[in-house]
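These are the residues of each chain, in order.
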Amino acid sequence: MPRSSTTAISATEGAPASIADLEALLKNDIKVKVAGIDVDGVLRGKYMSKEKFLSAASSDGFNFCSVIFGWDIHDTVYSRELLISNRANGYRDLIASIDLSTYRRIPWENNVPFFLVSFLDPDTKEPICADPRGVLRKVVERAQTKGWSCVAGCEYEYFQFKETPESLAKKNFKDLQPLTPGMHGYSLLRTQLNSEYFNDLFDESVRFQVPLEGHHTETGPGVYETALAYTDALRMADNAILFKFLAKSIGMKHGVVPSFMAKPWGNLPGCSGHIHVSLRDAKGRSLFALPEEQLKSGRSNAQYEDTKFLSQEGEWFLAGVLAGLPDVLPMLVPTINGYKRLVGGEAFWAPNAVTYGYDSRAASVRIISPPSVPPSATRLEIRVPGADMNPYFAMSAIFALGLRGIEKKLSLPGPPVSQLSQEDKKSGKVQMLPQSLESATERMMRPESIAREESVFGNDFVEHFGGTRQHEVRLWNEAVTNWEVERYLELA
């Protein structure tokens, strides 16, 4: 039977609780759109007739070619054979299990009904090791065994170009026209330009059941920032993926290409994908918040001043994230280009070291707690990911590491960023993050990597996902860039 609403995910409004409900819901429809997510965070899907869909929803699911886990973001088969889909197994079918709790309609496609799927092994009927929704669900369910729920919010920064897919190809992705000129963060004037597109992004998100908290211009030519409303982690990851789909779909209707590439321009800030996280107990209270009696002066046994308004569990969670961050970096920064965003460091509002701090946008992990927010809003903001992240893997990494920190009662690795200097980075007092996808993947795949622990990602995932990143590195190493030609062709 298909997965319906469980405690792991908040169901959308109107989601059917049974096959009978589903049949009633689709009584006036002739087709349904379905999609799953590959390791690069790309939606892969299709239309199905209502009859075929109902048949699949009444069983384990429907067959879906596993090649989407055997090729890259541009449909090129991986450089070496990987676990899930390969020549040896004939790129066999997987089972696409329909999640009824993800029901919504696509307002810009004549309100066609839409559902997300998760991918299962056809023999075991268990999630495959690299299915993004399955990976995150496993972490969320682990937290639930302790009586906790994982809560998250996601923010995207993204450039807009006054282009089309056809013009991008015709221009060879050069000399692209930004939607608006200049650096205008939080501008009320720039949103008057292209106002129909700007407002459609917000309004259609609401209709698509991807609720937003904020939507504004960010500094940079044609840059927007959109904050998605916080919810449980699996629903948040769904919403984050679907917001990208929505933005690109709405953009096509307005002659705009929104780009979630982490660093389109070398001399401008990149595009982040900040993630806010917390845990809640069975009564809905933040596990990171202090009890009322400690709010006046803070927690007496806090390691540092910056964590005194963060609970002991919150401090352990933070320590867990920091301890494992270098070992899971490809899950937060999965592309070659993403590391260009981090190289600029604090000069471009991008963290490149294992750091934390109270309300600090210079740190990799920003502590948001009283006195700047109410206790119920106590949370951590992970500022390392770019907008090109796969939100399922990024959130899985954060929560898995945080839970590990609580279980092991880990200590913070050192003082907060406010007590550090640039010399501390140079001297090695502060651990720097890997500076390229190649070095990050090598670190993740080491035998002693925290990522390999079964409670984090496990060997099967690391081998498969690591192989996909090695493929990306190989393509990059084989490429000859414009920079190389311009620098060396004449004078070398």
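Okay, so let's go over this structure. (Residues numbered from 1 in each chain as written. Predicted model: local features only at pLDDT ≥ 70, side-chain atom pairs only at ≥ 80, totals over all residues. Heavy atoms only, no water.)

### Side note on helix H13 (residues 459-478)
Part 1 of the reasoning: The end-to-end C-alpha distance of H13 is 28 Å, a good match for the 28 Å that 20 residues give at a rise of 1.5 Å each.
Part 2 of the reasoning: All buried positions along H13 are accounted for by Phe-461, Val-462, His-464, Phe-465, Gly-466, Gly-467, Thr-468, Arg-469, His-471, Glu-472 and Val-473.
Part 3 of the reasoning: Taken together, the buried residues of H13 touch helix H3 (132-144), helix H8 (329-332), helix H10 (391-408) and helix H12 (437-444). (Helix = DSSP H or I, 4+ residues; strand = E, 2+ residues; numbered from the N terminus. Expected span 1.5 Å × (residues − 1). Buried < 20%, exposed > 50% of the residue type's maximum accessible area, 1.4 Å probe, protein only. Contact = heavy atoms within 4.5 Å.)

### Regarding the pairing of strand E7 (residues 212-217)
Part 1 of the reasoning: Here five bridges tie E7 to strand E8 (residues 223-228), and the two strands are oriented antiparallel to one another. The residue of E8 that forms the bridge with Thr-217 is Tyr-224.
Part 2 of the reasoning: Counted along the chain from E7 to the antiparallel partner E8, the turn is five residues long, and its residue Gly-220 has a positive phi close to 130°. (Pairing = 2+ DSSP bridges.)

### Section: the pairing of strand E14 (residues 379-382)
Part 1 of the reasoning: Where strand E11 (residues 275-280) and E14 come together, three bridges link them in antiparallel fashion. The residue of E14 that forms the bridge with His-276 is Glu-381.
Part 2 of the reasoning: With four bridges connecting them, strand E13 (residues 365-368) and E14 associate as antiparallel partners. Its bridge partner being in E14, Arg-366 is matched across the sheet by Glu-381.

### Let's talk about the environment of Asp-424
Part 1 of the reasoning: By the secondary structure assignment, Asp-424 is in helix H11 (residues 422-427).
Part 2 of the reasoning: Look at Asp-424 and you get buried, because its relative accessible area is 13%.
Part 3 of the reasoning: Sequence separation between Asp-424 and Arg-133 is 291 residues, and the spatial gap between their C-alpha atoms is 39 Å.
Part 4 of the reasoning: Once residues lying within four places of it in the same chain are set aside, the contact partners of Asp-424 are Gln-419, Lys-429 and Val-430.

### A few points about the sheet that holds strand E2 (residues 43-49)
Part 1 of the reasoning: Here five strands make up an open sheet; going across it, the order is E2-E1-E5-E4-E3 and the pairing mixed. Among the strands making up the open sheet, the edge pair consists of E2 and strand E3 (62-65). On average, adjacent strands in this sheet sit at an angle of 40° to one another, irrespective of strand direction.
Part 2 of the reasoning: Relative to strand E4 (residues 93-106), E3 runs antiparallel, the two sharing four bridges. Looking at E4, one finds that Asn-63 is bridged to Ile-95.
Part 3 of the reasoning: Along the sheet, helix H6 (residues 233-254) contacts strand E1 (31-37), E2, E4 and strand E5 (112-120); its crossing angle with E4, the most-contacted strand, is approximately 80°. (Axes fitted to C-alpha atoms, helices over the stretch in contact; angles between N-to-C directions.)

### Digging into the environment of Ser-411
Part 1 of the reasoning: With respect to the helices, strands and loops of the structure, Ser-411 is situated in the loop between H10 and H11.
Part 2 of the reasoning: Judged by its relative accessible area of 53%, Ser-411 is exposed.
Part 3 of the reasoning: On a C-alpha basis, the gap between Ser-411 and Val-333 in space is 25 Å, while along the polypeptide they are 78 residues apart.
Part 4 of the reasoning: What Ser-411 contacts, discounting residues up to four positions off in sequence, is Gln-303 and Ala-319.

By themselves, these figures tell us nothing about what the structure is for.
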